[in-house]
Amino acid sequence: MPRTIRDVVFVDGVRTPFGKAGPKGIYHETRADDLVVKAIRELLRRNPDLDPATIDEVAIAATTQIGDQGLTLGRTAGILAGLPQSVPGYSIDRMCAGALTAVTSTAGSIAFGAYDVVVAGGVEHMGRHPMGEGVDPNPRFVSEKLVDESALFMGMTAENLHDRYPTITKQRTDAYAVRSQEKAAKAYAEGKIQQDLVPVSVRRTDAEAGETGWGLVTADEPMRPGTSMESLAGLKTPFRPHGRVTAGNAAGLNDGATASLLAAEDVARELGLPVKMRLVSYAFAGVEPEVMGYGPIPATEKALAKAGLSISDIGLFEINEAFAVQVLAFLEHYGIADDDARVNQYGGAIAYGHPLASSGVRLMTQLARQFEEQPEVRYGLTTMCVGFGMGATVIWENPNFDGGSK
């Protein structure tokens, strides 16, 4: 019998504050799965009318699925978060687009009718599990010239993207990075970010004093609100001598987790759950792995075509800032100014951090807040580049749209 495709909505999204990876980072002594647990529990706390037993699936992404990021994380984190044992779960890996893929995969199942309500998110503890830990790339990739060797190093792929777009200078990427920091600081000052953060209690050890204590993390650690063009100009270019990619115009190595609630729209309204965004279309695309950052361009073209929209229909953009050059390449391709007001209104990963597999839901949570504030905007998109040469884009509709211009 024929099935009716159902509308899928983004009900809610939360995240932990993001931390710096490494011994001095806020989450150095915190387990990755415990970060996911915090996010899931916060979703349940914020939506008390939702019976946890009605959740049909928990999909959690991690890029490095090892140690406390392994063991079918969606299932184990769900049990640890107190969900009934009847609620199943699984893990996903699409590197940087892990949480985004957790959303699209479960959304497709909701549309088909297999699920009604799901939890989808991601985590990356890059301090405990550096990118590439335990990985053994097949030597054929290089020996048979299937990819350029630089494809295995994300910073080198960003330098390659600079080569492809010679008009994107280091000065432009530094200027973009400064704006990202400024916008993030402004968003914090105006209380735009904190309302979707879940505070995390952490154990900290003072190596010099030899003392251990507890603290509460309530804000993102990587932000550098005083960043200036002068301070960025002198940074090293670690991926190429006299290169253009620095620690200042790229996202850092970070720890953090995200989680979201998705539902069929009719179910959400029946249960009295909020409807923050409506899914319109999504697409993934592959590109040459050595220019990974190009990926959002063809992914967006595919998503727009599936939705019957053009880039001019998009009123808000949340573009993951793995590297400033990657965002600027996207903007340049579509003829959008570097400082267009529709783009990353709250700042992006250059300021907040990019804990790989968790970042997709951060983009969605920020877009949902902007939809609330701007009912004149009908469509927005979340997009990101993905390691080893991919792009991912999701287009969303604003349920608050009041018939305005976009």
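Throughout what follows, the structure given in this document is the object of discussion. (Residues numbered from 1 in each chain as written. Predicted model: local features only at pLDDT ≥ 70, side-chain atom pairs only at ≥ 80, totals over all residues. Heavy atoms only, no water.)

1. As for helix 3 (residues 98-112)
Okay, so step 1: Over its 15 residues, helix 3 extends 21 Å from the first C-alpha to the last, a length consistent with the 21 Å expected when each residue adds 1.5 Å.
Okay, so step 2: Taken across its 15 residues, helix 3 has eleven buried, putting it largely inside the fold.
Okay, so step 3: Listed in full, the buried residues belonging to helix 3 are Gly98, Ala99, Leu100, Thr101, Ala102, Val103, Thr104, Thr106, Ala107, Ile110 and Ala111.
Okay, so step 4: The first or second residue beyond helix 3 is glycine 113, which carries a positive phi of 105°. (Helix = DSSP H or I, 4+ residues; strand = E, 2+ residues; numbered from the N terminus. Expected span 1.5 Å × (residues − 1). Buried < 20%, exposed > 50% of the residue type's maximum accessible area, 1.4 Å probe, protein only.)

2. Quick notes on the packing of aromatic side chains
Okay, so step 1: In this structure the tally under the stated criterion is six aromatic pairs.
Okay, so step 2: Taken together, a centroid distance of 6.2 Å and an interplanar angle of 70° make the contact between tyrosine 282 and phenylalanine 284 edge-to-face.
Okay, so step 3: The buried category is assigned to phenylalanine 284, whose relative accessible area is 19%.
Okay, so step 4: With a centroid separation of 5.0 Å and 55° between ring planes, the pair formed by phenylalanine 330 and tyrosine 334 is classed as tilted. Of the two residues, phenylalanine 330 and tyrosine 334, both sit in the buried class.
Okay, so step 5: Across the ring face of phenylalanine 284, the terminal group of arginine 94 is positioned such that the distance to the ring centre comes to 3.7 Å. (Phe/Tyr/Trp six-rings, centres within 6.5 Å; stacked < 30°, edge-to-face > 60°. Lys NZ or Arg CZ within 6 Å of the ring centre and 35° of its normal.)

3. A word on the packing of helix 3 against helix 12 (residues 359-373)
Okay, so step 1: For the pair helix 3 and helix 12, the least separation of the axes is 5 Å and the interaxial angle reads 70°. In terms of their interaxial angle, helix 3 and helix 12 are classed as roughly perpendicular. Contact residues: Ala99, Leu100 and Val103 in helix 3; Gly360, Val361 and Met364 in helix 12.
Okay, so step 2: For the contact of helix 3 with helix 12, a count of residues per class yields five nonpolar, one polar and no charged. (Axes fitted to C-alpha atoms, helices over the stretch in contact; angles between N-to-C directions. Parallel < 35°, antiparallel > 145°, perpendicular 65-115°, else oblique. Contact = heavy atoms within 4.5 Å. Nonpolar A, V, L, I, M, F, W, Y, C, P; charged D, E, K, R; others polar.)

4. Regarding the side chain of asparagine 320
Okay, so step 1: Within the secondary structure, asparagine 320 is located in the loop between strand 10 (314-319) and helix 10 (324-333).
Okay, so step 2: At 3.4 Å, the side chain of asparagine 320 forms a polar contact with the side chain of histidine 354.
Okay, so step 3: With residues near it in sequence (within four places) discarded, asparagine 320 still touches Gln326, Val327, Ala349, His354, Ser359, Arg362, Leu363, Thr383 and Met384. (Polar contact = N/O pair within 3.5 Å; in protein donor to acceptor, adjacent residues only side chain to side chain.)

5. Overview of the environment of methionine 229
Okay, so step 1: Along the chain, methionine 229 turns up in helix 7 (residues 229-233).
Okay, so step 2: Note: C-alpha distance between methionine 229 and lysine 192 (37 residues apart in sequence) is 26 Å.
Okay, so step 3: In this view, methionine 229 contacts Gln171, Asp174, Ala175 and Val178; residues no more than four positions away in its chain are not counted.

6. Digging into the state of the cysteines
Okay, so step 1: What the rule picks out here adds up to zero disulfides.
Okay, so step 2: Free cysteine cysteine 96: the closest other cysteine sulfur is in cysteine 385, separated by 5.9 Å.
Okay, so step 3: Judged by relative accessible area, which is 9%, cysteine 96 ranks as buried. (Disulfide = S-S within 2.5 Å.)

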